[in-house]
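Coordinates in review
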Amino acid sequence: MQLEGWGRYPRIEGSLSAPRDAEALAALVARGPLIARGMGRAYGDAAIGRHAVSTRHFNRMIAFDAETGQLTAEAGVTLSEIIEAFLPRGWFLSVTPGTQFVSLGGAIAADVHGKNHHSEGAFGTFVDWIEVMGPDGAVTRTKRGEDLFEWTLGGMGLTGVIVRAAIRLKRVESGWIRQQTIAAPNLDAALEAFERTYGATYSMAWIDCAASGAAMGRSIVMNGEHAVRAELPAAQRATPFVTPRHKGPRVPVDLPGFVLNPWSIRAFNTLYFQKGAHSQPSSLVGWEPFFYPLDAIRDWNRIYGRKGFMQFQCVVPLESHAEGLRAILGAISRTGAGSFLAVLKRFGAQNSRLSFPMEGYTLALDFPMTQRSLALMPELDRITADHGGRFYLAKDSRMSADTLRRTDPRWQGFADWRRAQGLAGRFVSAQSERLGL
C-alpha cells in the first residue's frame, strides 16, 4: 500500500499493521524492521517505511493524580482526547503543538513544542517516565537522566516503540485565553514585539513571507494567557470551560494545483495581514481557535493538491536570528515561491540530546510541491546552516544526510548509540534511511 505523512510527500510502498495488544505488538517487533506510527501527523517520512505499526489501539488512559496532575496513558491516546477528558476538570496540556490530533507517543518521539517554549520548554519537560518496547519485545520503563529516556525524547521513534508514558498536566481556571494582538509592519518590529512581551506565557506570529522591501517580514504577533474565572464576562463564569468549538468545513477533494500560486498566496497574505491589523488588540478567545486554528479545516492538507507540500522549519540561534531570518525571507521573496502558511516563534534555551529547539527563533513555512519550491530548498538549507541553525525532523521530508550532519552533529552520536544497542536494523523509517541514522 501507499504510505505518506501529513504533507503527502513522499509516498512510498509499505505495509501498515495495527496490533491490538502488547503480545501482538511484540510479535511484530520481533520480525522487524518497523517504525511506530501514531496519527500520521509527521509531515514527511518520519513515520512511514517498509513496515509501519499503528498505535491507534493502544488508546487507554490508565491513571490520573489530581494532586500533581500526572496522567498515565498509552501511546495511542491523542492530545484531543486528553483535552476532552481533563479540561472540564480544570486541567490542560502543559505543552501542545499546533494540532490536537497528535498521539501521545508521537508528541514524545518528536518532543513537540508549542507557543510557550520560551517560558515553559518543550513537551519532554513534562514527561516523568516512558515505557519503550525494545527489539526483543521486552518493555522497559525509563526516566529522566537515563540514556533510553534522553534519546527517546526527540528520537523520532528510532529507540523502540513507545507504549505508555506519564505526563504532567497544568491547572487552568477556564477554557478561555486572553489574547493580545500586535500588528508589526516589518520583521524588525515583529522581533521587537517578541522581545518586549517576552514575559507572556504564549507567543507566536503569523508572518507574511511574500512581502518585500520595507514590508518584508510584516507579521501579526499574538500573545496569550489562560484566563482566570474572575476575568470572564458574567455569562461565562458559570460554565468557564465551555467555549466555541471548531465547526469548520472539511476539504472533500484534492484541489487543483493552480489554486495555490504566487499570486493567490500573495493576495491571501495581504488580506490576512490587513484583517489582523484591524482586529481588537485585546480579546478573549477559546482554547481551540487559539492553539489549533488549522484544525478548524479538516483535511486541510488537501488544499495543496495531489502532489502535496513540504514544510521547512528551522531554528536560528539568538546571536544571528535577525540576519538569518532576513536572508531566508529575502530568498523566498526573490524566487516568488511564497508560503501560504508561515509561523514565527521565540524559543528559550533547551539542553537535550536530540530535541529540535535552541534559544532563538523558529520559522515554519509550507510550500506547495513544485519545481520552484524544490529549487529553493537547498538555498534555505544553506542560509540556515551558515547562521548556525538546524532543522525539525518532524516536519522534514527531503533534507540530505550531509545537511543534517553539518547542522546537527548530535545525530551522529545517536546513530552510534543505536548501533551499540542493536536498534539500527530494527526500528527504521524512510527518514532514518534517507538521513543515514
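Residues numbered from 1 in each chain as written. Predicted model: local features only at pLDDT ≥ 70, side-chain atom pairs only at ≥ 80, totals over all residues. Heavy atoms only, no water.

Regarding the pattern of salt bridges
In total, this model carries 31 salt bridges according to the counting rule given. A salt bridge links Glu4 to Arg8; the nearest nitrogen and oxygen atoms lie 3.4 Å apart. The exposure class assigned to Glu4 is partly exposed, which follows from its relative accessible area of 24%. A residue is classified by how much of its surface remains accessible, and Arg8, at 11% relative accessible area, is buried. Through salt bridges that share partners, Glu4, Arg8, Arg11, Asp254 and Arg302 make up one connected network. (Salt bridge = Lys/Arg side-chain N within 4 Å of Asp/Glu carboxyl O. Buried < 20%, exposed > 50% of the residue type's maximum accessible area, 1.4 Å probe, protein only.)

Focus: the sheet that holds strand 18 (residues 360-368)
Sheet architecture is open: 8 strands sit in the order 15-12-14-13-17-18-16-19, paired in antiparallel fashion. Sheet topology places strand 15 (282-286) and strand 19 (390-391) at the edges, where each strand pairs with a single neighbour. Bridging between strand 13 (residues 202-207) and strand 14 (residues 219-226) involves 6 bridges; their strand directions are antiparallel. Within strand 14, the residue paired with Ser203 across the bridge is Asn223. Its contacts with the sheet place helix 10 (residues 321-335) against strand 13, strand 16 (309-317), strand 17 (342-347) and strand 18, and it is angled at close to 10 degrees to strand 18. (Pairing = 2+ DSSP bridges. Helix = DSSP H or I, 4+ residues; strand = E, 2+ residues; numbered from the N terminus. Contact = heavy atoms within 4.5 Å. Axes fitted to C-alpha atoms, helices over the stretch in contact; angles between N-to-C directions.)

Regarding unusual backbone geometry
Omega for the bond connecting Tyr9 with Pro10 falls within 30 degrees of zero, at -5 degrees, which places this linkage in the cis form. A cis geometry characterises the amide bond from Gly32 onward to Pro33, with omega recorded as -15 degrees. With respect to the secondary-structure elements, Pro33 resides in the loop between helix 1 (22-31) and strand 4 (35-37). The phi dihedral of Asp111 is positive, around 40 degrees, even though this residue is not glycine. Secondary-structure assignment places Asp111 in the loop between helix 3 (104-109) and helix 4 (117-120). Despite not being glycine, Asp299 shows a phi value in the positive range, around 60 degrees. Mapped onto the elements of the fold, Asp299 is located in the loop between helix 9 (287-291) and strand 16.

With respect to the pairing of strand 16
Burial analysis of strand 16 places 9 of its 9 residues in the buried class, the great majority of the element. Of the pairings in the sheet, the one linking strand 16 to strand 18 comprises 9 bridges and is antiparallel in character. The partner of Val316 across the bridge, within strand 18, is Tyr361. Where strand 16 meets strand 19, 2 bridges bridge the pair, whose relative direction is antiparallel. Bridging across to strand 19, Cys314 finds its partner in Phe391.

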